[in-house]
Amino acid sequence: MANSGPFDIVVLGGGSGGYACALRAAELGKSVALIERDKLGGTCLNRGCIPTKALLHAAEVADQTREAATFGIKASFEGIDVAGVNAYKDKIVSTTVKGLAGLIKSKGITVVEGDGRLTGPATVEVTGSGGESTTLEGRHIVLATGSVPKSLPGLDIDGERVISSDHALVLEHVPASVVVLGGGVIGVEFASVWRSFGAEVTIVEALPHLLPLEEESSSKRLERAFRKRGIKYELGVKFQGVKPTPGGVSVTLDNGKTIDAELLLVAVGRGPVSEGIGLEEVGVQTERGFVKVDEFCQTSVSTISAVGDLIPTPQLAHVGFAEGILVAERLGGLNPPAIDYDGVPRITYSDPEVAAVGITTKVAAERGYEIKQVTYDLAGNPKSKILGTQGEVKVIAAVDGPVLGIHMVGARVGELITEGQLIYNWEALPAEVAQLIHPHPTQSEAVGEAHLALAGKPLHVHG
C-alpha cells in the first residue's frame, strides 16, 4: 500500500462542490488532492444540469420548428433524431469535462482516481479500479460525494421500464408515453422535454402543486401552461404501485386511477451518497443520511468539512460551488461570511421557465412579515410578445422595507433572475429599483415595471 501526503486539503468527490473547493484552495496556495471515482464534474456536468439543459434546448428547437409559420418562416418538422440529439448533448458534456480536467491540472491539483473512504480524521483510503489502495493524508478533509436518484419504498428501478433521470439521459428513442413520478424540478424538466419530442406525458405529484416549493402563483402559471401544451398531471395524489404490461407499465394511484404508459420515470428527489465512506468510524454526525454541518460547512469532526448534496442545503450545483469556495476560503484564513440560502436563485428550465430568488409569500407570512406585492403580466411586455411567451413577474416586499422575493414564469426568465438576485441580496427598496432604467424592448423591463408599481408609480400596469 502506497502512502501519499500530507496535503493541505484532501477533497473526496470531483463534482461541483469538490472541484470548486479544490480550485479555490489551489489559488490560495494550498496543496490539494482531489479524489474522483468516475468523471470530473460529477452529477451536474455528466448526468444533471448540463446534459438536461442540452435536451431542453433541443426541445425548444423542435417546438420552434413546429411553430415556424407563426413567425412567417416556412419550415417543416420531420421528427426527432435521437442519436443526433444525444451526440449534440454528449459533445457539450465531453468538451466541458475536458476543459475542467485541463483547468484542474493547470492549478497543480493532484487528481486520484478511485473510491475514497475515511480511515481517520486526517486520512482517506482510495481503492483504484484494479483493487490497489493508497492512503492520502490531509491536514483537512472535504467531503463532496454528492447524491444519487432516490426511489420510494418497494419501487424497484429496473432501468428499462421503470427508470431514473440517469437512465432518461441515455434513452435511444423517444418514448410514446411516460408517467413522471414527482412534480419537482427534475420531473417537470423531463416532462417538458418529452412533450416537445412528441410523447404523451402525465406527471403524478403527491403535493397539491407542481414545483411545490415555489410561489403558488408560479406553480399555477406553470400548470396552466402545461395544460395548454397537453401535459397531463395528477396533483395531491399518491403513487400506489406499478406492474409490467406488454406495452410497458401500468401505474396505479391512490385515487383509484390507473395510467398505462411505456415508461415510468421516478423523479422523487436525490439522496446523499453517505454510506460506506467511513463517516460512523471517524465520528462524523449524520441525520437522515445527510452530514450535519454548521453554517460554515464544518462537521462534528474539526478536521473534516462537507459540501454540496451531501449536506441538507439546496441541491443545486451553484450552491455546491459556493460551499466549496466557502470552505477553501475558511481554511485559507479569509474569514468568509456564511451563505444566505434564501438569496440563491433557483430555476426550472422547462417551457415555460420558472425562476425565483428570496422567499415566498407563505414563508414571509410564517416569518411574521407584513408584505405588499405586485404581479406584472408578461402580456404587457413587448419582448415577451415577440417571443410568444406568457407568464409573469411577481415581486414581494416588506411594507416600508426591502424586496423579500422575486418570482418569475416565462421563456428565458432564468436569465432575468440574476437581477432579482442583486435586488434581494442588496436589500434594495422597491423605490430604489424603480429609479433604474431598464432597456427597451427587453423582458427585463417586466422587473422594472413591477418595482415601479410597488413603489407607487405604475407605468404600464393596469388597475
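Everything here concerns the structure above.
Residues numbered from 1 in each chain as written. Predicted model: local features only at pLDDT ≥ 70, side-chain atom pairs only at ≥ 80, totals over all residues. Heavy atoms only, no water.

1. Structural notes on the overall build of the protein
Scanning the protein for helices and strands turns up 14 helices and 24 strands. Against the compact-globule benchmark of 23 Å for 463 residues, the protein has a radius of gyration of 24 Å, which places it among compact chains. In terms of its C-alpha atoms, the protein occupies a principal-axis envelope of roughly 70 × 60 × 45 Å. Residue burial in the protein is summarised as follows: out of 463 residues, 50% are buried. Residue pairs in contact within the protein that sit at least 24 positions apart in sequence constitute 62% of those at least 6 positions apart. Summed over all atoms, the accessible surface of the protein reaches about 21400 Å², with 53% contributed by carbon and sulfur. (Helix = DSSP H or I, 4+ residues; strand = E, 2+ residues; numbered from the N terminus. Rg over C-alpha atoms; globule rule 2.2 N^0.38 Å. Buried < 20%, exposed > 50% of the residue type's maximum accessible area, 1.4 Å probe, protein only. Contact = heavy atoms within 4.5 Å. Areas by Shrake-Rupley, 256 points an atom, 1.4 Å probe, with all protein chains shown as cover.)

2. A closer look at the nonpolar core
Core analysis: the largest hydrophobic core is formed by 46 residues, its most contacted members being Leu 118 and Leu 143. The dominant element in this core, judged by the number of residues it contributes, is helix 1 (residues 16–27), at 6 residues. Leaving out residues up to four positions away in the same chain, Leu 143 has contacts with Leu 12, Leu 118, Leu 279, Ile 304, Ser 305, Ala 306, Val 307 and Leu 310. Within the second largest apolar cluster, 31 residues are counted, among which are Val 188, Phe 197, Ala 199 and Leu 222. (Core = buried A, V, L, I, M, F, W, Y, C linked by side-chain atoms within 4.5 Å.)

3. Focus: helix 4 (residues 82–106)
Given a rise of 1.5 Å per residue, 25 residues ought to cover 36 Å, and the 36 Å separating the end C-alpha atoms of helix 4 matches this to within 8%. When we look at burial in helix 4, the residues that qualify are Val 82, Val 85, Asn 86, Lys 89, Val 93, Val 97, Leu 100 and Ile 104. The inward-facing, buried residues of helix 4 abut helix 1, strand 2 (32–36), helix 2 (42–47), helix 3 (49–66) and strand 3 (110–113). A positive phi of about 75 degrees marks Gly 108, the residue just after helix 4. (Expected span 1.5 Å × (residues − 1).)

4. A word on the packing of helix 1 against helix 9 (residues 317–331)
Here helix 1 crosses helix 9 at 35 degrees, and the two axes come no closer than 7 Å. Helix 9 is crossed by helix 1, and the crossing has right-handed handedness. Contacts between helix 1 and helix 9 involve Ser 16, Gly 17, Tyr 19, Ala 20, Cys 21, Arg 24 and Ala 25 on the former and, on the latter, Ala 317, Gly 320, Phe 321, Gly 324, Ile 325, Val 327, Ala 328 and Glu 329. Of the residues contributing to the contact of helix 1 with helix 9, the split by class is 9 nonpolar, 4 polar and 2 charged. (Axes fitted to C-alpha atoms, helices over the stretch in contact; angles between N-to-C directions. Left-handed = near helix turned anticlockwise from the far one by under 90°. Nonpolar A, V, L, I, M, F, W, Y, C, P; charged D, E, K, R; others polar.)

5. Examining the environment of Val 251
Locating Val 251 in the fold gives a position in strand 13 (residues 248–253). A sequence separation of 89 residues divides Val 251 from Asp 340, and the C-alpha atoms of the two residues are 40 Å apart. Each residue touching Val 251, except ones within four places of it in the same chain, is listed here: Val 179, Phe 239, Gly 241, Val 242, Lys 257, Thr 258, Ile 259 and Leu 264.

6. Details of unusual backbone geometry
Residue Pro 352 follows Asp 351 across a cis peptide bond; omega there is 5 degrees. Structurally, Pro 352 is set in the loop between strand 20 (346–348) and strand 21 (353–358).

7. A look at the packing of aromatic side chains
Scanning the model with the defined rule gives 2 aromatic pairs in all. Both rings, one in Phe 190 and one in Trp 194, keep their centres 5.5 Å apart while their planes meet at 40 degrees; by these two values the pair is tilted. Taken together, the residues Phe 190 and Trp 194, both in helix 6 (residues 185–196) and 4 residues apart, mark about one turn of the helix. As far as burial versus exposure is concerned, Phe 190 and Trp 194 are alike and both buried. The side chain of Arg 66 reaches across the aromatic face of Phe 77, ending 4.3 Å from its centre. (Phe/Tyr/Trp six-rings, centres within 6.5 Å; stacked < 30°, edge-to-face > 60°. Lys NZ or Arg CZ within 6 Å of the ring centre and 35° of its normal.)

8. Some details on the sheet that holds strand 22 (residues 371–377)
Sheet architecture is open: 5 strands sit in the order 20-21-24-23-22, paired in antiparallel fashion. Each having just a single partner strand, strand 20 and strand 22 make up the two edges of the open sheet. For this sheet, the mean angle separating the axes of adjacent strands, direction not counted, is 10 degrees. Where strand 23 (residues 392–398) meets strand 24 (residues 403–410), 6 bridges bridge the pair, whose relative direction is antiparallel. If you follow Glu 392 over to strand 24, its bridge partner there is Val 409. The sheet strands contacting helix 14 (residues 444–454) are strand 22, strand 23 and strand 24, and the helix crosses strand 22 at an angle near 140 degrees. (Pairing = 2+ DSSP bridges.)

9. A few points about the sheet that holds strand 11 (residues 232–235)
Strands sit in the order 8-15-9-10-11 across an open sheet of 5 strands; the sheet is parallel. With partners counted over all chains shown, the strands left at the sheet margins are strand 8 (162–163) and strand 11, one partner each. Inspection of the sheet shows strand 10 (residues 200–205) paired to strand 11 by 4 bridges, in the parallel sense. Across the sheet, residue Thr 202 finds its bridge partner in strand 11, namely Lys 232. Those strands touched by helix 6 are strand 8, strand 9 (177–181), strand 10 and strand 15 (263–266), and its axis lies near 165 degrees from that of strand 10. Against the sheet, helix 7 (residues 216–229) contacts strand 10 and strand 11, and its axis sits at roughly 140 degrees relative to strand 11.

10. Quick look at helix 3
Working note: α-helix, 3.6 residues per turn, so residues spaced by three or four point in the same direction. Helix length check: helix 3 (18 residues) gives 26 Å between terminal C-alpha atoms against 26 Å at 1.5 Å per residue, within 8%. Listed in full, the buried residues belonging to helix 3 are Pro 51, Thr 52, Ala 54, Leu 55, Leu 56, Ala 58, Ala 59, Ala 62 and Asp 63.

11. Considering the environment of Leu 265
Following the sequence through the fold, Leu 265 ends up in strand 15. A residue is classified by how much of its surface remains accessible, and Leu 265, at 0% relative accessible area, is buried. Along the chain, Leu 265 and Arg 161 lie 104 residues apart, while their C-alpha atoms are 8.4 Å from each other. The residues touching Leu 265, leaving out its near neighbours within four places in the chain, are Ile 163, Ser 164, Ser 165, Ala 168, Val 178, Val 179, Val 180, Leu 181, Phe 190 and Trp 194.

Function cannot be inferred from these measures alone, as they are strictly geometric.
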